[in-house]
Amino acid sequence: MRLDEVNFFNPDTNKCPYDAYEVLRDEAPVWLDPLTGFYVVTRYDDLRTIIFDTENFANGIRMRARMMTPEMVERANKIQALYEEKGWTPAPTLAGRDDPNHKQMRALFDHAFRPSKIKLLDEFVEALGHRLIDAFIDKGQCDWVKEFAVPLPLIVIGKQMGAKEEDIWRIKAWTDAWVQRLGMMQTEEEALWSTEMEIEAQHYFQPIFERLRKEPDDTLLSDIVN
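A short tour of the structure in this document, coming up. (Residues numbered from 1 in each chain as written. Predicted model: local features only at pLDDT ≥ 70, side-chain atom pairs only at ≥ 80, totals over all residues. Heavy atoms only, no water.)

### A word on the overall build of the protein
Stated formally: By definition, any uninterrupted DSSP run of H or I lasting at least four residues is a helix, any uninterrupted run of E lasting at least two residues is a strand, and each is numbered from the N terminus. The rule is simple: take the accessible area with a 1.4 Å probe, protein chains only, and divide by the maximum for that residue type; under 20% is buried, over 50% is exposed, in between is partly exposed. Methods summary: accessible areas were calculated by the Shrake-Rupley approach with a probe of 1.4 Å, and residue burial reflects only the protein chains presented. Counted as positive: Lys and Arg. Counted as negative: Asp and Glu. His and the chain ends are not counted at all. A single reference atom marks each charge: NZ on Lys, CZ on Arg, CG on Asp, CD on Glu.
Check the secondary structure of the protein and you find twelve helices and two strands. Each helix and strand of the protein, ordered N terminal to C terminal, gives the series α-α-β-β-α-α-α-α-α-α-α-α-α-α. Taken across its 226 residues, the protein has 27% of its residues classed as buried. When the accessible area of the protein is evaluated, it comes to approximately 15,600 Å², of which 56% is carbon and sulfur surface. Separation of charge centres in the protein, based on 28 positive and 41 negative side chains, amounts to 3 Å.

What follows is the structure, given as C-alpha coordinates:
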(Lines give C-alpha, C1' and ligand atoms only; values in the text may rest on other atoms or scores of the structure.)
Protein backbone atom coordinates (compact mmCIF):
# COMPACT_ATOMS: atom_id res chain seq x y z
CA MET A 1 0.00 0.00 0.00
CA ARG A 2 1.20 3.51 -0.88
CA LEU A 3 0.64 6.56 1.29
CA ASP A 4 -1.74 8.09 -1.25
CA GLU A 5 -3.86 4.92 -1.08
CA VAL A 6 -4.57 5.15 2.64
CA ASN A 7 -8.31 5.56 3.09
CA PHE A 8 -9.99 4.48 6.31
CA PHE A 9 -13.39 4.73 4.63
CA ASN A 10 -12.43 1.86 2.37
CA PRO A 11 -14.23 -1.31 3.57
CA ASP A 12 -11.15 -3.46 2.88
CA THR A 13 -8.98 -1.15 5.00
CA ASN A 14 -11.57 -1.26 7.77
CA LYS A 15 -11.48 -5.05 7.79
CA CYS A 16 -7.69 -5.15 8.03
CA PRO A 17 -6.09 -1.73 8.70
CA TYR A 18 -2.61 -2.95 9.59
CA ASP A 19 -1.00 -2.25 6.20
CA ALA A 20 -2.30 1.31 6.41
CA TYR A 21 -0.98 1.66 9.97
CA GLU A 22 2.46 0.47 8.87
CA VAL A 23 2.60 2.92 5.97
CA LEU A 24 1.62 5.81 8.22
CA ARG A 25 4.14 4.87 10.92
CA ASP A 26 6.94 4.61 8.37
CA GLU A 27 6.14 7.50 6.04
CA ALA A 28 3.73 9.92 7.75
CA PRO A 29 3.64 9.41 11.54
CA VAL A 30 1.57 12.60 11.86
CA TRP A 31 -0.87 12.40 8.93
CA LEU A 32 -3.69 14.76 8.04
CA ASP A 33 -6.59 12.69 6.74
CA PRO A 34 -7.87 14.66 3.72
CA LEU A 35 -11.36 13.16 4.06
CA THR A 36 -12.06 14.11 7.68
CA GLY A 37 -9.56 16.81 8.61
CA PHE A 38 -8.39 14.64 11.53
CA TYR A 39 -4.72 14.16 12.32
CA VAL A 40 -3.75 10.50 12.66
CA VAL A 41 -0.75 9.93 14.95
CA THR A 42 0.72 6.43 14.82
CA ARG A 43 3.99 6.36 16.80
CA TYR A 44 3.97 5.49 20.49
CA ASP A 45 6.30 8.25 21.70
CA ASP A 46 4.31 10.90 19.82
CA LEU A 47 1.02 9.62 21.21
CA ARG A 48 2.38 9.56 24.74
CA THR A 49 3.59 13.15 24.39
CA ILE A 50 0.17 14.27 23.14
CA ILE A 51 -1.78 12.42 25.83
CA PHE A 52 0.18 14.01 28.65
CA ASP A 53 0.24 17.51 27.16
CA THR A 54 -3.26 18.60 28.16
CA GLU A 55 -2.46 22.29 27.73
CA ASN A 56 -1.94 22.00 23.98
CA PHE A 57 -4.13 19.02 23.10
CA ALA A 58 -7.80 18.39 23.91
CA ASN A 59 -9.97 15.27 23.95
CA GLY A 60 -12.92 16.84 22.19
CA ILE A 61 -13.42 15.78 18.57
CA ARG A 62 -14.58 18.51 16.24
CA MET A 63 -14.60 18.18 12.47
CA ARG A 64 -13.29 21.24 10.71
CA ALA A 65 -16.06 23.25 9.13
CA ARG A 66 -14.20 23.41 5.84
CA MET A 67 -14.11 19.60 5.75
CA MET A 68 -17.88 19.26 6.19
CA THR A 69 -19.90 18.96 3.01
CA PRO A 70 -23.39 20.51 2.84
CA GLU A 71 -24.78 16.97 3.21
CA MET A 72 -22.78 16.41 6.40
CA VAL A 73 -23.96 19.73 7.84
CA GLU A 74 -27.58 18.86 7.01
CA ARG A 75 -27.20 15.44 8.66
CA ALA A 76 -25.68 16.99 11.80
CA ASN A 77 -28.59 19.44 12.00
CA LYS A 78 -31.14 16.62 11.67
CA ILE A 79 -29.44 14.65 14.43
CA GLN A 80 -29.44 17.71 16.70
CA ALA A 81 -33.12 18.28 15.95
CA LEU A 82 -33.84 14.64 16.82
CA TYR A 83 -32.12 15.05 20.20
CA GLU A 84 -34.22 18.14 20.92
CA GLU A 85 -37.46 16.46 19.75
CA LYS A 86 -36.88 13.40 21.95
CA GLY A 87 -35.81 15.40 24.97
CA TRP A 88 -32.23 14.24 25.29
CA THR A 89 -29.02 16.28 25.24
CA PRO A 90 -25.88 14.15 24.90
CA ALA A 91 -22.83 14.88 27.02
CA PRO A 92 -19.18 13.97 26.41
CA THR A 93 -18.02 10.59 27.66
CA LEU A 94 -15.26 10.38 30.24
CA ALA A 95 -12.72 9.88 27.44
CA GLY A 96 -14.00 13.01 25.71
CA ARG A 97 -13.39 15.36 28.64
CA ASP A 98 -10.34 17.38 29.65
CA ASP A 99 -9.02 18.38 33.06
CA PRO A 100 -10.14 19.60 35.49
CA ASN A 101 -13.54 18.07 34.64
CA HIS A 102 -11.96 14.79 33.51
CA LYS A 103 -10.03 14.45 36.76
CA GLN A 104 -13.16 15.17 38.82
CA MET A 105 -15.23 12.56 36.98
CA ARG A 106 -12.38 10.05 36.97
CA ALA A 107 -12.20 10.36 40.76
CA LEU A 108 -15.86 9.33 40.98
CA PHE A 109 -15.22 6.25 38.86
CA ASP A 110 -12.05 5.38 40.79
CA HIS A 111 -14.10 5.43 43.98
CA ALA A 112 -16.93 3.34 42.55
CA PHE A 113 -14.53 0.79 41.06
CA ARG A 114 -12.28 0.51 44.10
CA PRO A 115 -10.77 -2.99 44.53
CA SER A 116 -12.77 -3.79 47.65
CA LYS A 117 -16.01 -3.04 45.79
CA ILE A 118 -15.05 -5.09 42.74
CA LYS A 119 -14.05 -7.99 44.99
CA LEU A 120 -17.66 -8.29 46.10
CA LEU A 121 -18.59 -9.32 42.56
CA ASP A 122 -16.38 -12.42 42.54
CA GLU A 123 -19.03 -14.82 43.80
CA PHE A 124 -21.68 -13.49 41.41
CA VAL A 125 -19.36 -13.66 38.38
CA GLU A 126 -18.25 -17.20 39.21
CA ALA A 127 -21.83 -18.41 39.65
CA LEU A 128 -22.87 -16.69 36.43
CA GLY A 129 -20.05 -18.35 34.51
CA HIS A 130 -21.15 -21.78 35.72
CA ARG A 131 -24.80 -21.00 34.91
CA LEU A 132 -24.02 -19.94 31.36
CA ILE A 133 -21.88 -23.01 30.72
CA ASP A 134 -24.48 -25.32 32.28
CA ALA A 135 -27.00 -24.02 29.75
CA PHE A 136 -25.07 -25.50 26.80
CA ILE A 137 -22.63 -28.06 28.19
CA ASP A 138 -24.93 -31.05 27.59
CA LYS A 139 -25.36 -30.09 23.91
CA GLY A 140 -21.67 -30.72 23.28
CA GLN A 141 -21.35 -27.50 21.28
CA CYS A 142 -22.16 -23.81 21.53
CA ASP A 143 -21.93 -20.43 19.90
CA TRP A 144 -19.24 -19.22 22.31
CA VAL A 145 -19.68 -15.52 21.55
CA LYS A 146 -23.48 -15.49 21.80
CA GLU A 147 -23.82 -17.95 24.67
CA PHE A 148 -20.88 -16.93 26.87
CA ALA A 149 -18.46 -14.20 25.76
CA VAL A 150 -21.16 -11.56 25.24
CA PRO A 151 -23.71 -12.36 27.99
CA LEU A 152 -21.12 -12.77 30.77
CA PRO A 153 -19.86 -9.16 30.82
CA LEU A 154 -23.24 -7.74 29.80
CA ILE A 155 -25.07 -9.42 32.67
CA VAL A 156 -22.40 -8.33 35.16
CA ILE A 157 -22.47 -4.75 33.90
CA GLY A 158 -26.26 -4.77 33.73
CA LYS A 159 -26.49 -5.95 37.33
CA GLN A 160 -24.31 -3.04 38.41
CA MET A 161 -26.44 -0.61 36.41
CA GLY A 162 -29.78 -1.85 37.71
CA ALA A 163 -30.81 -3.34 34.36
CA LYS A 164 -32.86 -6.51 34.03
CA GLU A 165 -30.96 -9.56 32.83
CA GLU A 166 -33.52 -10.19 30.10
CA ASP A 167 -32.70 -6.73 28.67
CA ILE A 168 -29.02 -7.43 27.94
CA TRP A 169 -29.57 -7.97 24.21
CA ARG A 170 -31.44 -4.67 23.96
CA ILE A 171 -28.49 -3.01 25.70
CA LYS A 172 -26.06 -4.67 23.30
CA ALA A 173 -28.12 -3.44 20.33
CA TRP A 174 -28.02 0.11 21.71
CA THR A 175 -24.27 -0.11 22.26
CA ASP A 176 -23.63 -1.52 18.79
CA ALA A 177 -25.69 1.25 17.21
CA TRP A 178 -23.74 3.92 19.09
CA VAL A 179 -20.39 2.41 18.08
CA GLN A 180 -21.45 2.26 14.42
CA ARG A 181 -21.88 6.03 14.40
CA LEU A 182 -18.29 6.50 15.54
CA GLY A 183 -17.10 4.87 12.30
CA MET A 184 -18.51 7.80 10.27
CA MET A 185 -19.51 5.42 7.46
CA GLN A 186 -23.28 5.39 7.92
CA THR A 187 -25.85 6.73 5.51
CA GLU A 188 -28.03 9.55 6.79
CA GLU A 189 -30.84 7.08 7.46
CA GLU A 190 -28.49 4.80 9.42
CA ALA A 191 -27.10 7.74 11.43
CA LEU A 192 -30.60 8.85 12.41
CA TRP A 193 -31.45 5.27 13.38
CA SER A 194 -28.33 5.10 15.58
CA THR A 195 -29.33 8.37 17.20
CA GLU A 196 -32.81 7.00 17.91
CA MET A 197 -31.24 3.95 19.53
CA GLU A 198 -28.93 6.11 21.67
CA ILE A 199 -31.86 8.19 22.88
CA GLU A 200 -33.89 5.04 23.59
CA ALA A 201 -31.05 3.73 25.75
CA GLN A 202 -30.76 6.97 27.68
CA HIS A 203 -34.50 7.01 28.39
CA TYR A 204 -34.22 3.41 29.59
CA PHE A 205 -31.50 4.22 32.11
CA GLN A 206 -32.71 7.65 33.27
CA PRO A 207 -35.49 6.22 35.51
CA ILE A 208 -32.88 3.91 37.05
CA PHE A 209 -30.70 6.92 37.85
CA GLU A 210 -33.64 8.69 39.46
CA ARG A 211 -34.59 5.61 41.51
CA LEU A 212 -31.04 5.23 42.81
CA ARG A 213 -30.98 8.88 43.89
CA LYS A 214 -34.04 8.20 46.04
CA GLU A 215 -33.19 4.62 47.03
CA PRO A 216 -29.42 3.99 46.97
CA ASP A 217 -28.27 0.37 46.89
CA ASP A 218 -24.96 -1.50 46.76
CA THR A 219 -24.39 -1.28 43.00
CA LEU A 220 -21.52 0.57 41.36
CA LEU A 221 -23.99 2.83 39.55
CA SER A 222 -25.57 3.84 42.83
CA ASP A 223 -22.14 4.94 44.08
CA ILE A 224 -21.58 7.04 40.94
CA VAL A 225 -25.08 8.57 40.83
CA ASN A 226 -24.88 9.59 44.47
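### Considering the packing of aromatic side chains
Worth spelling out the cut-off: Aromatic pairs are defined between Phe, Tyr and Trp rings, using the six-membered ring for Trp, whenever the two ring centres lie within 6.5 Å; interplanar angles under 30 degrees are classed as stacked, those over 60 as edge-to-face, and all others as tilted.
This structure, assessed with the given rule, holds eight aromatic pairs. With centroids separated by 6.3 Å and ring planes inclined at 75°, the aromatic side chains of F136 and W144 adopt a geometry described as edge-to-face. Owing to a relative accessible area of 7%, F136 belongs among the buried residues under this scheme. Pairing Y204 with F205 gives two aromatic rings, centres 4.9 Å apart and planes at 85°, and the pair type is edge-to-face.

### Details of the packing of helix α4 (residues 70–86) against helix α11 (residues 188–214)
Spelled out, the test is: Fitted lines through C-alpha atoms serve as axes, helices being fitted only where they are in contact, and the angles separating the N-to-C directions of these axes extend from 0 to 180 degrees. Orientation categories follow fixed angle ranges, with anything under 35 degrees roughly parallel, anything over 145 roughly antiparallel, 65 to 115 roughly perpendicular, and all other angles oblique. In this scheme the crossing of two helices becomes right-handed for a clockwise turn of the near helix relative to the far one and left-handed for an anticlockwise turn of less than a right angle. Residues count as neighbours in contact if any of their non-hydrogen atoms are within 4.5 Å of one another. When residues are grouped by polarity, Ala, Val, Leu, Ile, Met, Phe, Trp, Tyr, Cys and Pro land in nonpolar, Asp, Glu, Lys and Arg in charged, and all others, Gly among them, in polar.
Where α4 meets α11, the closest approach of the two axes is 10 Å, and the angle between their N-to-C directions is 25°. Compared by their axis directions, α4 and α11 come out roughly parallel. Handedness of the crossing formed by α4 with α11: right-handed. Side by side, α4 and α11 meet where R75, K78, I79, L82, Y83 and K86 of the first sit next to E188, A191, L192, T195, E196, E198, I199 and H203 of the second. Each residue belonging to the contact of α4 with α11 can be placed in one class, and the counts come to six nonpolar, two polar and six charged.

### With respect to a nonpolar patch on the surface
The condition that has to hold: Every patch collects residues that have over 30% relative accessible area and no salt bridge, joining them within 9 Å if they carry like charges and within 5 Å if they are nonpolar side chains (Val, Leu, Ile, Met, Phe, Trp, Tyr). Each reported salt bridge corresponds to a side-chain nitrogen of Lys or Arg within 4 Å of a carboxyl oxygen of Asp or Glu.
Nonpolar side chains collect at one region of the surface, where V30, L32 and Y39 lie side by side and expose about 280 Å² of accessible area between them. One can find Y39 in strand β2 (residues 39–41).

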